[in-house]
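So you can see what is in the structure, the chains are spelled out below.
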Amino acid sequence: MTTRQYFGTDGVRGRVGRFPITPDFALRLGFAAGETLVAHARESGHARDGERPAVLIGKDTRISGYMLEAALEAGFAAAGVDVMLCGPLPTPAVAYLTRALRLAAGVVISASHNPYDDNGIKFFAAGGWKLPDAVEAEIEARLAEPMGCRPSSELGKARRVDDAAGRYIEFCKSTFPNDLDLRGLKLVVDCAHGAAYNVAPKVFHELGAEVVAVGAQPDGLNINAGVGATVPAFLQEQVQKHQADLGIALDGDADRVVMADASGRLFDGDALLYVIARRQQAAKGLPGIVGTLMSNLGFEQALARLGIGFARAKVGDRYVLEMMQEKGWPLGGENSGHIICLDRHTTGDGIVAALQVLAALRERGETLAQACADLTMFPQKLINVRFTKPFDWRSNAAIQAATARAEKILDGRGRVLLRPSGTEPLLRVMVEGEDGALVLAQAEAIAAAVRAAADL
């Protein structure tokens, strides 16, 4: 496969003001993507010859979203593409609306769980699916050519979609069983000061729950700051403070979710997948689940006891989705909280996944702890080592020696995984095994070797 210059595992992402997250690049990207995506949409019947194709642009709450939105809008218009603007809305909402409105493509301006001074641009193809690698490569090839502009009579127009949030709220509610409701439940919903701040609380409230919304006052600078799925301690604290039954935490663009129960116990993506899997297995059978290299061994073993197959994809929800489609399996996800329910949506959706968990609990009359009683997770330690410049960690002798030492000590009762982040300058060190103290010690030893090598 051709090496991509701009696109990572989740679109184009980086620090705002540094190439490629600059207004001039976003302008060119809008033009290149407009020409490429429209051609594919016409091939698939999602855009007709003689009609101006349209794309939807959504964003999270970062202050830089205004700048990038305007630049992308201009690029698409120059390519002869109409633009529909929906403002702050979750990534999965853009995927849903792209499909529901029969658009040529959807665009999300977001850096997901990253801090506010990062941002990114990712695309959905017609039909609401993640953009394939081959199409991203075509866009990159078009970026290498000079930017043009359609004649005035062929330029695109732009308009606001006033009912976008309401449409998505109704879609989310439609994924919850009609014969169930959430009456009698008190929920803390942590929106990470992100894209779901105005929709997530309404979804759960309209299904009958008493909702305490937190992390729902975005100011452009506070997205993911001490809140949300990547800082679950805040959710655990808020659930106990408000004496809630459950807590639901989303990330900045609301495509991932973690939950906490009344005692403050945290349940990650693996645990939530297990709850959904039990329900699907009991109702209609479930051939298998796709996880990732980071999925817990205890999760894999629990699925085996239920007679459910399991396969590991590379880390990244796009790779999980690809393997799900290859195998024809309807359920997959990551322990970080990306959960894909293909019988409900085309992409990972934190709100929809939480609703599937709640449906399972309501049907069985269980608590989250009861639903996970047969799930015993292996201790797992993840250490993120940040670096300022790339280095060859794979062939570094000290890192190799520390890794080999850990694997020998674990002696087949655990595993070691080192992998670079696809969105940040980080090397992730993960150690998992039966003995928690051993796991922690070996993870710290490997991380120390990585830090030493990164400073060379």
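This text follows the structure it describes.
Residues numbered from 1 in each chain as written. Predicted model: local features only at pLDDT ≥ 70, side-chain atom pairs only at ≥ 80, totals over all residues. Heavy atoms only, no water.

## A closer look at the packing of aromatic side chains
A full pass over the atoms with the stated rule returns eight aromatic pairs. Here Tyr6 and Phe19 contribute two aromatic rings whose centre-to-centre distance is 5.9 Å and whose plane-to-plane angle is 70°, an arrangement assigned as edge-to-face. In this pair, Tyr6 is assigned in the segment before strand E1 (12-15) and Phe19 in the loop between E1 and helix H1 (23-44), connecting sequence segments 13 residues apart. Pairing Tyr96 with Phe171 gives two aromatic rings, centres 4.2 Å apart and planes at 15°, and the pair type is stacked. Note that Tyr96 is positioned in helix H3 (residues 91-100) and Phe171 in helix H5 (residues 164-174), a separation of 75 residues in sequence. For the pair Tyr96 and Phe171, one class covers both residues: buried. Among the aromatic residues, those joined into a cluster by ring pairs are Tyr6, Phe19 and Phe25. It is Lys59 that lies over the ring of Tyr66; its NZ or CZ is 3.9 Å from the centre. The ring centre of Trp329 lies 5.0 Å from the NZ or CZ of Lys327, which sits over that ring. (Phe/Tyr/Trp six-rings, centres within 6.5 Å; stacked < 30°, edge-to-face > 60°. Helix = DSSP H or I, 4+ residues; strand = E, 2+ residues; numbered from the N terminus. Buried < 20%, exposed > 50% of the residue type's maximum accessible area, 1.4 Å probe, protein only. Lys NZ or Arg CZ within 6 Å of the ring centre and 35° of its normal.)

## Here's the deal with the pattern of salt bridges
One side chain can pair with another of opposite charge once the charged atoms of both are near each other. Evaluated as defined, the whole model comprises 29 salt bridges. Lys173 is the partner of Glu206 in a salt bridge, and the nearest nitrogen-oxygen pair spans 2.7 Å. Placement of the pair is Glu206 in helix H6 (residues 200-206) and Lys173 in helix H5, with a sequence separation of 33 residues. Since its relative accessible area comes to 42%, Glu206 is described here as partly exposed. Given the relative accessible area of 18%, Lys173 is considered buried. We note a salt bridge from Asp343 to Lys284, for which the minimum N-O separation is 3.7 Å. Taken together, the residues span a long stretch of sequence, with Asp343 in the loop between strand E15 (339-341) and helix H11 (350-364) and Lys284 in helix H8 (residues 269-284) at a distance of 59 residues. (Salt bridge = Lys/Arg side-chain N within 4 Å of Asp/Glu carboxyl O.)

## Observations concerning helix H13 (residues 397-410)
Count 3.6 residues to each turn of an α-helix, and residues three or four apart come out pointing the same way. Between the first and last C-alpha of H13 there are 20 Å, a value that for 14 residues agrees with the 20 Å anticipated at 1.5 Å per step. Among the residues of H13, those classed as buried are Ile399, Ala402, Thr403, Ala406 and Leu410. Each buried residue of H13 lies within a common arc of 95° when the element is viewed along its axis, so the set occupies one face. Of the exposed residues in H13, those oriented more than 90 degrees away from the buried face are Ala397 and Lys408. Close packing links the buried residues of H13 with strand E17 (414-420), strand E18 (426-433) and helix H14 (436-454). In this structure Asn396 caps H13, since a side-chain oxygen of it lies 3.1 Å from the backbone nitrogen of Ala398. In the segment just after H13, Asp411 is the residue with positive phi, at about 55°. (Expected span 1.5 Å × (residues − 1). Arc of directions from axis to C-beta. Contact = heavy atoms within 4.5 Å. Polar contact = N/O pair within 3.5 Å; in protein donor to acceptor, adjacent residues only side chain to side chain.)

## A word on the sheet that holds strand E14 (residues 331-333)
The sheet built from four strands is open, its strands ordered E13-E12-E14-E15 with mixed pairing. Each edge of the open sheet carries a strand with a single partner, namely strand E13 (309-313) and E15. Taken over all neighbouring pairs, the strand axes of this sheet differ in orientation by 20° on average, direction set aside. On top of the sheet, H8 reaches strand E12 (288-292), E14 and E15; it is set at about 175° to E14, its chief contact. (Pairing = 2+ DSSP bridges. Axes fitted to C-alpha atoms, helices over the stretch in contact; angles between N-to-C directions.)

## With respect to the state of the cysteines
Evaluated as defined, the whole model comprises zero disulfides. Unpaired in terms of disulfides, Cys191 finds its nearest cysteine sulfur in Cys172, a separation of 12 Å. Looking at the unpaired Cys341, the closest cysteine sulfur is the one in Cys172, lying at 12 Å. Residue classification places Cys341 among the buried positions, given a relative accessible area of 3%. (Disulfide = S-S within 2.5 Å.)

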